[in-house]
Structure formats: C-alpha cells, structure tokens
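# Geometric and topological summary
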Amino acid sequence: MGCRSRMNAAANALWLLGISAAVAASIVAAPPPAAGALAGMDRSVQPGVDFNQYANGSWLRSTEIPPDRSSTGVGRELTELTAGRTAELIRQSAASTAPAGSDERKVADYYASFMDEAGIEAKGLTVLKPTLDRIAAISDRVTLARYLGSTLRADVDVLNATKLYTDNVLGLWVAQDLDDPSRYAPFLLQGGLGMPDRDYYLLDSPHMADIRSHYRAHIAAALTLAGIADAERKAADVYALELRIASTHSTRVESQDVKRGDNHWSRAQLQSNAPGLDWQAYLGAAGLEAQQQFIVWQPGALTGIAALVAAEPLATWKAYLQYHAIEHNAQFLSRAVVAEQFTFYGKVLQGTPQLRERWKRAVSYTDDALGEAVGKLYVARYFPPANKAAIEAMVRNLVSAFATRIDALEWMAPETKLEAKAKLTALKVGIGYPERWRDYSGLKVLRGDAFGNHARAEMFAYRRSLNKLGTPVDRSEWCMTPQLVNAVNLPAMNALNFPAGILQPPYFDAARPAAMNYGAIGAIIGHEISHSFDDQGALFDAAGRLHNWWTPEDFAHFKASAEQLIAQFNAYRPFPDLAVNGKQTLSENIADVAGLGAALSAYRLSLGDTPGPLLEGFSADQQFFLSFAQTWRAKYREPTLRQIIITDGHSPDQYRASTVRNLDAWYAAFEVKPADALYLTPGERVRMW
Ligand SMILES: [Zn+2]
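Residues numbered from 1 in each chain as written. Predicted model: local features only at pLDDT ≥ 70, side-chain atom pairs only at ≥ 80, totals over all residues. Heavy atoms only, no water.

## Overview of the overall build of the chain
In terms of regular secondary structure, the chain is built from 28 helices and nine strands. For the chain, the C-alpha radius of gyration of 25 Å lies close to 26 Å, the compact-globule estimate for 689 residues. Each of the three principal axes of the chain carries a C-alpha extent, and together these read 75 × 55 × 50 Å. Burial analysis of the chain (689 residues in total) assigns 62% to the buried set. Of the contacts formed within the chain by residues at least 6 apart in sequence, a portion of 74% connects residues at least 24 apart. Counting only carbon and sulfur atoms, one obtains 55% of the accessible surface of the chain, whose full area is about 24,500 Å². A distance of 3 Å separates the average location of the 68 positive side-chain charges in the chain from that of its 73 negative side-chain charges. (Helix = DSSP H or I, 4+ residues; strand = E, 2+ residues; numbered from the N terminus. Rg over C-alpha atoms; globule rule 2.2 N^0.38 Å. Buried < 20%, exposed > 50% of the residue type's maximum accessible area, 1.4 Å probe, protein only. Contact = heavy atoms within 4.5 Å. Areas by Shrake-Rupley, 256 points an atom, 1.4 Å probe, with all protein chains shown as cover. Lys, Arg positive; Asp, Glu negative; His and termini not counted. Charge placed at Lys NZ, Arg CZ, Asp CG, Glu CD.)

## Describing the packing of helix 9 (residues 206–225) against helix 10 (residues 231–248)
Relative to each other, helix 9 and helix 10 sit at 130°, their axes nearing to 8 Å. When the interaxial angle is binned, helix 9 and helix 10 end up oblique. Every pair of crossing elements has a handedness; the one defined by helix 9 and helix 10 is right-handed. Across the interface between the two elements, R212, Y215, R216, I219, A220, L223 and T224 from helix 9 touch A231, E232, K234, A235, V238, Y239 and E242 from helix 10. (Axes fitted to C-alpha atoms, helices over the stretch in contact; angles between N-to-C directions. Parallel < 35°, antiparallel > 145°, perpendicular 65-115°, else oblique. Left-handed = near helix turned anticlockwise from the far one by under 90°.)

## So, the pairing of strand 5 (residues 293–296)
For strand 3 (residues 184–190) and strand 5, the ladder comprises two bridges, and the chain directions are parallel. Note on strand 5: the bridge partner recorded for L188 is V296. Bridging between strand 4 (residues 264–266) and strand 5 involves three bridges; their strand directions are antiparallel. In the sheet register, W265 faces strand 5, and the bridge partner there is F294. (Pairing = 2+ DSSP bridges.)

## What to know about the sheet that holds strand 3
Judged by pairing direction, the sheet is mixed, and its four strands sit side by side in the order 2-3-5-4 without closing on themselves. Each edge of the open sheet carries a strand with a single partner, namely strand 2 (170–176) and strand 4. Geometrically, the sheet is characterised by an average inter-axis angle of 35° between neighbouring strands, direction not taken into account. In the packing of helix 15 (residues 299–311) onto the sheet, contacts are made with strand 2, strand 3, strand 4 and strand 5, and the angle to strand 4 comes to roughly 35°.

## Observations regarding the pairing of strand 8 (residues 495–499)
Of all five residues that make up strand 8, five are buried, and the element is covered over most of its length. Taking every second residue as pointing to the same face, both faces of strand 8 are buried, with A495, N497 and P499 on one and L496 and F498 on the other. Bridging between strand 6 (residues 428–432) and strand 8 involves five bridges; their strand directions are parallel. When the bridges of strand 8 are listed, V429 appears paired with L496. Judged from the three bridges that link them, strand 7 (residues 488–490) and strand 8 form a sheet pairing that is antiparallel. Across the sheet, L490 pairs through a bridge with A495, a residue of strand 8. The turn joining strand 7 and strand 8, which pair antiparallel and follow one another in sequence, is formed by four residues; a positive phi near 50° is taken by N494.

## Comments concerning the nonpolar core
Ranked by internal contacts, the top residues of the largest apolar core, which has 103 residues, are W279 and L288. Apart from residues lying up to four places away in sequence, L288 is in contact with L152, L172, R267, L283, F294, Y462, L466 and L469. Counting 88 residues, the second-largest nonpolar core is a separate cluster that includes L81, L503, Y667 and W689. (Core = buried A, V, L, I, M, F, W, Y, C linked by side-chain atoms within 4.5 Å.)

## Thoughts on the sheet that holds strand 6
Taken together, the three strands give an open sheet; going across it, the order is 6-8-7, and neighbouring strands pair in mixed fashion. Here the strands that pair on one side only, and so sit at the sheet edges, are strand 6 and strand 7. The sheet shows a mean angle of 15° between the axes of neighbouring strands, direction not considered.

## Thoughts on the packing of helix 2 (residues 51–62) against helix 25 (residues 620–630)
The interhelical angle for the contact between helix 2 and helix 25, taken along N-to-C directions, is 70°, at an axis separation of 9 Å. Viewed along their axes, helix 2 and helix 25 adopt a mutual orientation that is roughly perpendicular. Where helix 2 abuts helix 25, its residues F51, Y54, A55 and N56 lie against F625, L626, A629 and Q630. Looking at the contact of helix 2 with helix 25, its residues break down into six nonpolar, two polar and no charged. (Nonpolar A, V, L, I, M, F, W, Y, C, P; charged D, E, K, R; others polar.)

## What about the environment of S400?
Take S400: it is sitting in helix 19 (residues 385–408). Separated by 202 residues in sequence, S400 and A602 place their C-alpha atoms 7.5 Å apart.

## What to know about the environment of T640
Structurally, T640 can be placed in helix 26 (residues 638–647). Given a relative accessible area of 1%, T640 falls into the buried group. Sequence separation of T640 and P353 is 287 residues, and the distance between their C-alpha atoms is 12 Å. Engagement of the side chain of T640 in a polar contact is seen with the backbone oxygen of Q350, the distance being 2.6 Å. (Polar contact = N/O pair within 3.5 Å; in protein donor to acceptor, adjacent residues only side chain to side chain.)

## What about helix 4 (residues 103–115)?
Look at helix 4: 18 Å from first C-alpha to last across 13 residues, which is about the 18 Å you get at 1.5 Å a residue. Counting buried positions over the 13 residues of helix 4 gives ten, a clear majority of the element. Buried residues along helix 4 sit in contact with helix 3 (74–95), helix 5 (117–123), helix 18 (358–382) and helix 21 (450–468). (Expected span 1.5 Å × (residues − 1).)

## Here we look at the pattern of salt bridges
According to the stated counting rule, one finds 34 salt bridges in the structure shown. Between K360 and D68 there is a salt bridge, and its shortest N-O distance comes to 3.0 Å. Taken together, the positions of K360 in helix 18 and D68 in the loop between helix 2 and strand 1 (71–73) put the pair 292 residues apart, joining distant regions of the chain. By the burial criterion, K360 is buried, and D68 matches it. Note that R447 is salt-bridged to D109, the shortest N-O span being 2.9 Å. Taken together, the residues span a long stretch of sequence, with R447 in the loop between strand 6 and helix 21 and D109 in helix 4 at a distance of 338 residues. When salt bridges with common partners are traced through the structure, they connect E372, R438, R464, K468 and E477 into a single cluster. (Salt bridge = Lys/Arg side-chain N within 4 Å of Asp/Glu carboxyl O.)

Set out below in structure tokens:
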C-alpha cells in the first residue's frame, strides 16, 4: 500500500545496505532560527508559475549536496543534526558506568565495536567463514531449502514503513491479519535481488543497461575479494539467476495493492501452489515449523522462486548465496569489501561520490539494532514534555478539522460519513515515543564482535516477530524509532506514530507564527491522518479490518477523484525518458492533498475569529503555504532521483510542494491567474476529503 511514511526512503537512507536511518554530512549544525524562517525564497518567480522555485529558489541555487549524500534538503539536514546528537549520547553512554547487560552498555558496545575499524580489518573474512562453509556443504535441494530458510528475517513491511525490498529470497513481516485484526499473521514477501527493483533488470533504457553492466562487474569483484575461485563465470551465473528471479517479481504498483496481496495460504497450499522448494525444510529452518497459515503477498513471485530452487543448478545457487552472504555483511568486513560495495551501491546506483564517515554509519547500525534503547536516551535529552503537549493540541485540532470536513462533503452519503468518523474517533495517535519501551534483554552484544552483533541483532528482531504469532495484537507498538525524522500511519492498527525526531524545527517551532507550524508539522499530521482515508487506507474499517464500508456511489466518486490525481502526477516529467508514476504515488498524493486541506482548516479553527499575524509582509495564509513548500526543499543526485521514481511510493519533493494547486485558498493567497503554469480550473482541483 504505498509508503505510508512521510518521506521517500531511497534518498533518505542507504536502505540497500540495511541501514534504515539516514545520516550524513560532517558538520552538526544548530537548528535553523525562528527569525528569517522564510529565507531561501526567490521572489522574482511568480508563485503561480513555479511555487517550488518561489518558495525555495535561492536555497536551491546556493545549496550543494554534501559529497557523502545522495540528496539533501530540510528533512535530511535535520536527520544529520539528530545523528550528531545521537552519536554524542552514545559516546556518553560509553563513558558511563552502565552495568553489563544494561541497554546503555549494549548501545555503547554496539557502537564501539563498529567503530573498531582496525579490529574488523584484522579479522578480515574469517568471520564470514562459517557461513561460506555452510553454503559449501549444501549437497541437495533439501539442504538448499534449509539454508534458504535460515536466512529468512523480519526485514520487510508492506503497509507501515513500507519496506518492499529484501536481499534474501523471501522476507517476513508479522502484522495484523488483514481479515482479522485481532490476531497476528506471517506475511511472506518476494525478495532475492541485489538491485533495488525488478525494473533495474528488465527495463530497456541506456541508463539501466549501464547500471546492469556495472552490477555484473561488481558481483565478480565481490566474489574475487572473498577469495572465491572462478569469479567471472560465477558472476555471470549469479546475474542470470537474479534476472530470472526479477522476472517472477510483481511490479512496485502491484505490490502496494492490498487486495492483490491479501492471499491466505495454508501450509499445504504452499507446497501445492509453489512446488520446487521443500517447504517443510524451509519453514523448519526458519523457526516456522508450527505455523499453519500464511499471507502470500506476491503469489507469482513465490511460485516462481520456488520453481527456480528446483530448476537452477545447485552450483549456481551456491555461487548466488556466496555472493549474497558477502554483500549482506559487507559493512562488517574488511575495508576493501566496504569500498567495493560503495563503488556500486553508492557511486553507481545513487551517484554519491564519497562514503559516509564511519561514525555516521555506526549511528545508523546502532539505531537499526537497538533503536528504542537509543531513542530512550534521545527523548530524555531532546524531547521536552512541553513539545509533546503542544503537538497533542495540534493533533486534536487536526482530527477535529478532519471530522468537520467529512461532514461538509456534499457527495458523500450519511452512512459512509458515519463509518469514516468512527474510524477517525478510533485512531490511536502516538507522539514522540512509545508508551512502553522495547525489551532488549534477549539481545547479546559483545564488545569487539561487530559482525556477530549485527547477525544477532537481525536474529533478535526476527525472533521477536515470530514470538508475536499467537499473542494478542498490541496497538501501542511503534514501527519507527523516536529519533527518526519521519512519521507513519499503521493502517491495520488504525494508529499513527509521530517520532520526536520530526517534532522539532523547522517542522515545529514554538517561537514562530502558528501559520508556519500548521503549514509544516500540521500538514504532516494531516498527511498521516489522511492515510487512513487514501486509496488503500480507505479499504480498512475502524478496527483495521480489510472490509468495504463505502456505498458503491461514494466509492465511485472517490475513485474518479483518484483518477484525476493520477493524471496530475503522471504529467510531472523530470527526465525525458522517465515520468512520475501517478498510480504508484497515489496513496501519498491523496494524503498530501487531504492533509494540507485539513491543516489549513485546523489552523483557521485555532485562530477563532482573529486574523493571523503578518510575518515579513506575508499574510497568515501565505505563510502557511510557504512553510509547507519549504518543508519540501530538496536536491537529489540524478541516479537517486531516478531510483525514487522507480521504487518509492512518494513523489519527488518538488512535486509534493505543488500540492498547493489543489487548494482554492492558495489561489486567493497568491492571486494565481488562469494563465499561470500551475493553475487548475476549479473542476480540475482534486478535493477528496
Ligand atoms: Zn505518507
């Protein structure tokens, strides 16, 4: 179901390397001051011609992407600030007398082990030897199935943070059963590729052909560095197998379609519908021997991959698994392996010239392994209770404004409105950090064992997911860490998470006019609320069940508006050979349009009968829209922008800034005329909520 989170992942994270939090650039800057908050504009541009340039033009001209980043912008700069603070907190943990086994000690030891580059270099590839030996010992299809099962991890997420990529042949997500949200179900997702999406293997374009030739060379180089004989020939086999796997994969658009993905298969159906893989051996090795029911998200890929397990030569599978074992663990191996990985994933795939400094990668991996333990330290220092109270008040206004807007919809039948409002009332909103912190007592962190710590952290997260099966659903659980600069809607939980990381300047700043806060964090809150009512979210009822609560006429009207929005975004074409995919980004675009409208209504509600104050000569409505567009201030390297367009549910940031053209109030605020490029006739403006 489209990314439900606020920001695109590709530019924000080296997600291919298993890093979920974005950190970059070397200087830890102070938060932007409240004064001059509207700086960075280009007032020579007409707002109706190019609102992004008008709001951000001088910033765009004067900003360079730091050499270790694939992009930069407001959210990414804040992420960098947060990473610097986090690193400082971790270093203080290291200096403290926190006892062995405490969260603080684990955080300190995890970080220190990754920072010990000399120690990691000295061990070299010896740490990988047990894994390579296990691959060498694969002697038939049963031991192959067992090995594949042992690689299954909780590394994907269809509806919430939307991680649709895993380098293992399959990925697991444990979440509410979409037909019965009172219990957890195991979702099986397609995987097994080294490049970000099937399009990288299958799309016929010079850009992709060039990436493919670099990728084949990279596979050979990685195998050679690991001392594996006959690397060139094996690389060709590995690539050919990945190409076959890619051909079985669902597309990005198909994978976000909830109805298409909600396939309940019994254990017996796995064997009969997807023959070739010994499921008993696979599930046994994955710790799922007792599980009887699964949700198979992409049946075609599951069936296709299972058939390839039977059909491809064992030697090819073994070369493939050797390569993936190296790649998966590269960051914990020698400098040469790290450098080779960066050459492809950083330089070729993202256009980034420089590897991030080690401490920044250390923060990312520590966040990945012990996110809430780090988050506990973070909120204690950087998230004052007053901020929590201020955001809670804004959320109340947003929810109330959204309800009023539902009442005012002329096209919607009263019974549909009742259902929509019931869903809004049941929404569970988490602000700053979770009610209960995650328990890391089962995770062993050994000082000096970066490789083992990473493997144990992945296994710990996996076991934690498996342990949920058969237990009551916990709606208070978070899917983001508190220090993350992002926000998320969890549709099957009917819940929202607003991490402390995003509840700070320039998204929220108590010292500036409310109009600017409503245009920034208010629009983000509105965006996340609206996800409950986007093209996919609207298919879930108040309890989080996939269940149709619409009258046919209302749903037809809703779909017609969605088609308008798809067309609006299909017309955005940053490259001659690549346009934004209106269908792929629909959920996010609906959330942007509805969220911005709700934020403006909430702002007006907060004002009562008084007009908002002027700032630097701008009216309150102008400040609101400018502040919104300024949160989408961003620059991407070309390969990264292309990757986002292909793999991400979010539109590139400059087009999200243009969401304003769907709101009547924007036309009034900036006197936008029919001749202006962004002008839409009242009938073309999309208003879904
Ligand atoms: Zn979103």
